[in-house]
Amino acid sequence: MEITSLQDVVLHSKLPSFEALRPAQEPASPINGLDKLVQELHRIFRDDVVNIEHVSEVMASYQSNPSDWKKFAKFDRFRYTRNLVDEGNGKFNLMILCWGPDHGSAVHDHADAHCFMKMLQGTLSEVRFSWPDSQLDSRPDQQLQEEEADEEGRPLEEISRTDLRLNDVCYINDSMGLHRVENPSHSDPAVSLHLYSPPFNSCSVFNQRTGKRTNCNVTFWSKRGKKINKEARSATVPEDN
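Just so it is clear, the structure is predicted and the values come from calculations on it, not from any experiment.

The rules behind each value
- Residues numbered from 1 in each chain as written.
- Predicted model: local features only at pLDDT ≥ 70, side-chain atom pairs only at ≥ 80, totals over all residues.
- Heavy atoms only, no water.
- Buried < 20%, exposed > 50% of the residue type's maximum accessible area, 1.4 Å probe, protein only.
- Helix = DSSP H or I, 4+ residues; strand = E, 2+ residues; numbered from the N terminus.
- Arc of directions from axis to C-beta.
- Pairing = 2+ DSSP bridges.
- Contact = heavy atoms within 4.5 Å.
- Salt bridge = Lys/Arg side-chain N within 4 Å of Asp/Glu carboxyl O.
- Phe/Tyr/Trp six-rings, centres within 6.5 Å; stacked < 30°, edge-to-face > 60°.

1. Thoughts on helix H1 (residues 34-44)
All of the buried residues along H1 are Leu34, Leu37, Val38, Glu40, Leu41 and Ile44. All buried residues of H1 fall inside an arc of 165° around its axis, so they share one side. Facing away from the buried side of H1 by more than 90 degrees, the exposed set consists of Asp35 and Gln39.

What follows is the structure, encoded as structure tokens:
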């Protein structure tokens, strides 16, 4: 199934498809709570074609209220956590990520999925990078093979840096590059709401200094407010490189 991004770049993924040019529709009712937001997202994702801008608008129309989401917000002392809120009938995952002071993700892709992120508390810094292969595309095959074999590799190229604050919403897919997300505060936690469509359980992480790519399984710290098995939580690779 072809998925059209905001830049009219085609990705290949599962249902539903996303059409940026389709006129946005007004939400069926005001988004005045997290439960209402989940209901509206289920309504939107009943269609086989979903408007990227409309999803962003709906995410933005929900104003963060800790009483809505605090039961899902599970922190860990050593790393950020991914906490499942809703499985979206198999078409999307909605989750809350909790970031302690100085916590950050590795540079990663999104496994051909669409990623919407909304700030619920604090501030996060999003840093985007070009794909490492794009630096080698125009090189002769022999030179490309030699450089791919070079253990040192090449640093990822930073293309943008944005601070996301309370109720801000951003969007990314793999046609737009890779990104790293981090809490820049040394003292304050941060909380963000993420929607991924289609859901995925593994992605690629990249060493920022060398561009080296590694597959990473992604798991949940909790589901619907309840912590999952400790062994399953600890099975993931380190989040930050």
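2. A few points about the sheet that holds strand E5 (residues 81-86)
Taken in spatial order, the seven strands of this open sheet run E11-E8-E13-E6-E5-E16-E17, and their pairing is mixed. Bordering the open sheet on either side are strand E11 (169-172) and strand E17 (226-227), each of which pairs with just one other strand. Here strand E8 (residues 114-121) runs beside strand E13 (residues 190-197); their pairing, made up of seven bridges, is antiparallel. Each residue of the ladder has a partner; that of lysine 118, found in E13, is leucine 193.

3. Topic: the side chain of histidine 110
Tracing the chain through its elements places histidine 110 in the loop between strand E7 (107-108) and E8. Given a relative accessible area of 0%, histidine 110 falls into the buried group. Setting aside residues up to four positions removed in sequence, histidine 110 forms contacts with Cys115, Ile172, Asp174, His179, Tyr196 and Phe200.

4. Points about the pattern of salt bridges
Per the stated rule, a full pass over the model turns up eight salt bridges. Residues lysine 91 and aspartate 48 are paired through a salt bridge, measuring 3.9 Å at the closest nitrogen-oxygen approach. Of the two residues, lysine 91 is situated in the loop between E5 and strand E6 (93-99) and aspartate 48 in the loop between H1 and strand E4 (49-50); the sequence distance between them amounts to 43 residues. Its relative accessible area of 18% is what places lysine 91 among the buried residues. The closest approach of N and O atoms between arginine 213 and aspartate 109, which form a salt bridge, is 3.7 Å. On the criterion of sequence distance, the pair formed by arginine 213 in strand E15 (residues 213-217) and aspartate 109 in the loop between E7 and E8 is long-range, its members being 104 residues apart.

5. Things to note about the packing of aromatic side chains
Applying the stated rule across the entire model yields five aromatic pairs. The interplanar angle of 80° and the centroid separation of 5.7 Å between the aromatic rings of tryptophan 131 and phenylalanine 206 together place this pair among those described as edge-to-face. With tryptophan 131 in the loop between strand E9 (124-129) and helix H4 (141-149) and phenylalanine 206 in strand E14 (residues 202-206), this pair connects stretches of sequence that are 75 residues apart.

6. Describing the environment of serine 105
With respect to the helices and strands, serine 105 occurs in the loop between E6 and E7. We classify serine 105 as buried; its relative accessible area is 1%. With 21 residues separating them along the chain, serine 105 and glutamate 126 place their C-alpha atoms 9.9 Å apart.

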